[in-house]
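# Coordinates in review
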Amino acid sequence: MSGLLFLFIFFCQQHGSFAQSQALRGTVTGTQGEALPGVTVVVKGGTTGTTTSADGSYQLNVSPGPGTLVFSFMGMESKEVSYTGPGVLNVQLSDDLKTLNEVVVVGYGTQKKVNLTGSVSVVDGETLTNRQVASTSLALQGAAPGVTITQQSGVPGGDAGTIRIRGIGSVNAGQNPLVLVDNVEMSLDAIDPNNIASISILKDAAAAAVYGSRAANGVVLIITKRGANGVKVSYNTYVTKQEATDLPQKVNALDHMKLWDVAQVNSGLPPAFSGQIADYEKLGPDNFTRFNTDWKALVLTNNGLMHNHNLNVSAGTDKIKVFASGSFLDQNGLTANTNYKRTDMRFNTDLALTKKLSASMDLVLNQTNRLWPGQNSPQSIIQRMLGYPATAPGRYNTGEWGEGWSNINPAAQAEDGGFSRQNVDSRILKGTLTYKPVEGLELLATYSTNFYIVKSRNFTNQYDIYDADPANNALILARPWPAMNAYGESRSENVQNLFRTQATYNRSFGKHNITLLGGFSTEDFKSTFISASRQNLLSADRPYLDSGDPLGETLSGGENRFSMVSAYTRVNYNYKEKYLLEVNGRWDASSRFRENNWWKLFPSVSAGWRISEEDFWSGISGVVNDAKLRASYGALGNQALSGYYPTFSLFESGAGYNYYFGDKINAGYALTTASNPNIRWETSKILDIGADLGLLNNRLTITADFFQRDIVDMLQRVPVPTYVGLGSPFVNVGSMRNTGWGLGAGWR
């Protein structure tokens, strides 16, 4: 009887347990019926959840009664499925159309990423904002394959990175890529990373061809954030401290003298510091007659603090959208009188005037202020700091400056050597009208002007150097250094105007898709400049030109102009988004050349095959769900010489050309460089073969490229005999080849 009672109680307990929680199981598959491992399965509104196994199956305990399961997986659309109770529930997930339809900014437009046939890398804005650097170019380090960022210095206002895309593309005709912010040429480091939505880096001829001669070294396209419906306010700030790293550990004065004497003896020379070594060992250093200068402590006196603040406001309706941003950066260096400040304000406005007509207006106000020591740059000051021995007199124990080395004392240069100030004020205004008269046709006209003023003030102040007088236990003023103080000012006004009109037509014929693009652009640049300097100022308290001595003053100025005219076209065709073809062409004319060499055509062609869309790929589509092979070949021009008039011999003036005639000194001018009116475009011919793979529902992406760039008709100076009496002109001579490969992998 007791045994039956035990069985009855056990059965009731188990029945109650099943009633509280029972198993719900099933299999999750993709669009091709393939099993999906790692899918997250959770009960909506609860904490119960699991993930699918390698065969796509799952099992979890649910309470009896109806409920909802949420299935989510990277690269697939999340799905909610209702259930009525325990049992079997199989689910099929669909590809995430946002991933499939992801668009990439390319030359003068956008393309679906899966349809790209050129070599393009994309860096999202979040990647940049996560890196706390003063110069935006440094945030690109390691963000894209084939893009090298080299930082030569960490000095505030001079720490920008040098950008190279697939190596060096020229010797004399420029090596920097074209940097466009919302299709306006400007410095990448003038924009706050918080304002950037995305960056596209165009690396081969097919991707960059519509920019023609401006794109010989690649293109960096920055798209800034724009307004959206609703109101959103964000504030981002950081504070960091910069410190010198990996500095060499220098020996003290006593060890320096001992090691120097060892070197002397090894060279067959007598010791140089025998007497001083004995005094140091007996009496120790006193920074009066026996110095043990810690140059690092004397020179690196600034705190290295850097802080950045950014406030963004996005607001909009269906008719008008506005994005406004303000940012401020303040960066101290490591040496005295070293600082950099940047203020940036941006206003992006989009207007829907009618259903077919829209407009946008962008205004950018930017100001930078850089302070460096006057006698020398912070880089040179730190180099001397690292090179000077501890025996060199830096600062006396009473605070006066010692000689340093041959009158050059880096600590005195930093603290009391004057100042070098540079102020840059820029204003960018851009307006765009877009009209869509019929479906598939877009007409666009845009005008932008970039006006900036660069002002510099440089004051070379004297510092007093003292010598020790041990007999009287005093210091004697030896001399001020340098022999005379000096002051100089310079100012340049620069304006770059760009006008572009463009038409784009999209049309589909069944499974055939075609896009036609054509445009015309003009660009002109003008720079006017003036500079003046005087020496021997009456007082260091009045660093102005009118305080200096007119004798020996300098004055210079001038104006430069440059212009380009271009026409471009692009044809994109694809069949079922499987077979891809793109043809580009751009005709450029540059004022740097004579009329017979103004114009040149730079064409390119590229093709792609989305092999993953073929039927035979279905067997592995569950693992490698996207695969594309692509190849491109094209030509890009280059004319970015340092001067604006390389085909002309220019007059130069200066004291060296003045002559005495008529009982007075007359201003002289001279032709110093030979001209070559027949120079023509330098051309880069680029071959690119690549593959793009998407694995595990595009969670893992792999991009591989092989490239070969041949630069022909290189613009170089060929030496001429000395008896010619003129400098070498530019000629088209020589060639260069860059070959390499790039590999990139991403996980999301």
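Now for a look at the structure at hand. (Residues numbered from 1 in each chain as written. Predicted model: local features only at pLDDT ≥ 70, side-chain atom pairs only at ≥ 80, totals over all residues. Heavy atoms only, no water.)

### Notes on the packing of helix α5 (residues 253-266) against helix α6 (residues 274-283)
Quick note on the threshold: Note on geometry: axes are lines fitted to C-alpha atoms, helical ones only across the stretch in contact, with angles between N-to-C directions running from 0 to 180 degrees. By definition, any uninterrupted DSSP run of H or I lasting at least four residues is a helix, any uninterrupted run of E lasting at least two residues is a strand, and each is numbered from the N terminus. An angle counts as roughly parallel when it lies under 35 degrees, as roughly antiparallel when it exceeds 145, as roughly perpendicular when it falls between 65 and 115, and as oblique in every other case. Note on convention: the crossing is left-handed when the near helix lies turned anticlockwise from the far helix by less than a right angle, right-handed when the turn is clockwise. Between two residues, a contact is recorded if the distance between any of their heavy atoms is within 4.5 Å. When residue character is reported, Ala, Val, Leu, Ile, Met, Phe, Trp, Tyr, Cys and Pro are called nonpolar, Asp, Glu, Lys and Arg charged, and the others, Gly included, polar.
α6 packs onto α5 with a crossing angle of 150 degrees between their chain directions and a minimal axis gap of 10 Å. By the angle between their axes, α5 is roughly antiparallel relative to α6. The two elements α5 and α6 cross, and the hand of that crossing is left-handed. Taking contact as the criterion, the partners of Ala253, Leu254, Met257, Lys258 and Asp261 in α5 are, on α6, Ser274, Gln276, Ile277, Tyr280 and Glu281. Taken together, the residues of the contact of α5 with α6 break down into five nonpolar, two polar and three charged.

### Quick notes on the packing of aromatic side chains
Note the threshold: Note on aromatic contacts: the rings of Phe and Tyr and the six-membered ring of Trp form a pair at centre separations within 6.5 Å, being stacked when their planes are under 30 degrees apart, edge-to-face when over 60 apart, and tilted otherwise. Only protein chains enter the accessibility calculation, which uses a 1.4 Å probe; a residue is then buried when its area is under 20% of its type maximum, exposed when over 50%, and partly exposed in between. Either the NZ atom of lysine or the CZ atom of arginine qualifies as a charge over a ring when it sits within 6 Å of the ring centre and within 35 degrees of the ring normal.
With the rule as written, the count across this model stands at 13 aromatic pairs. Between Phe562 and Tyr644, the ring centres sit 6.3 Å apart and the planes meet at 45 degrees, which makes this aromatic pair tilted. Here the residue Phe562 occupies a position in strand β29 (residues 549-575), and Tyr644 occupies one in the loop between β32 (624-638) and β33 (651-653), the gap between them amounting to 82 residues. Residue Phe562 is classed as buried on the basis of its relative accessible area, which comes to 8%. Through successive ring pairs, a cluster of aromatic residues spans Tyr108, Tyr211 and Tyr568. The ring of Phe419 carries Arg421 above its face, with NZ or CZ at 5.0 Å from the centroid. Cation over ring: Arg594 sits above Phe648, and NZ or CZ is 4.0 Å from the ring centre.

### Points about the pairing of strand β31 (residues 599-609)
As a reminder, the rule being used: Should DSSP find at least two bridges between two strands, the strands are regarded as paired.
The pairing of strand β30 (residues 579-590) with β31 spans 11 bridges and is classified as antiparallel. Residue pairing for β31: Ala589 is matched across the bridge by Trp599. The sheet contact formed by β31 and β32 spans six bridges and is antiparallel. Note on β32: the bridge partner recorded for Trp609 is Leu629.

### Some words on the pattern of salt bridges
As a reminder of what qualifies: One speaks of a salt bridge when a side-chain nitrogen belonging to Lys or Arg is within 4 Å of a carboxyl oxygen belonging to Asp or Glu.
Scanning the model with the defined rule gives 26 salt bridges in all. Ionic pairing is found between Arg630 and Asp692, a salt bridge with its closest N-O pair at 3.0 Å. Taken together, the positions of Arg630 in strand β32 and Asp692 in strand β37 (residues 682-695) put the pair 62 residues apart, joining distant regions of the chain. The same class applies to Arg630 as to Asp692, namely buried. The network of salt bridges with common partners includes Arg166, Lys628, Arg630, Asp688, Asp692 and Asp705.

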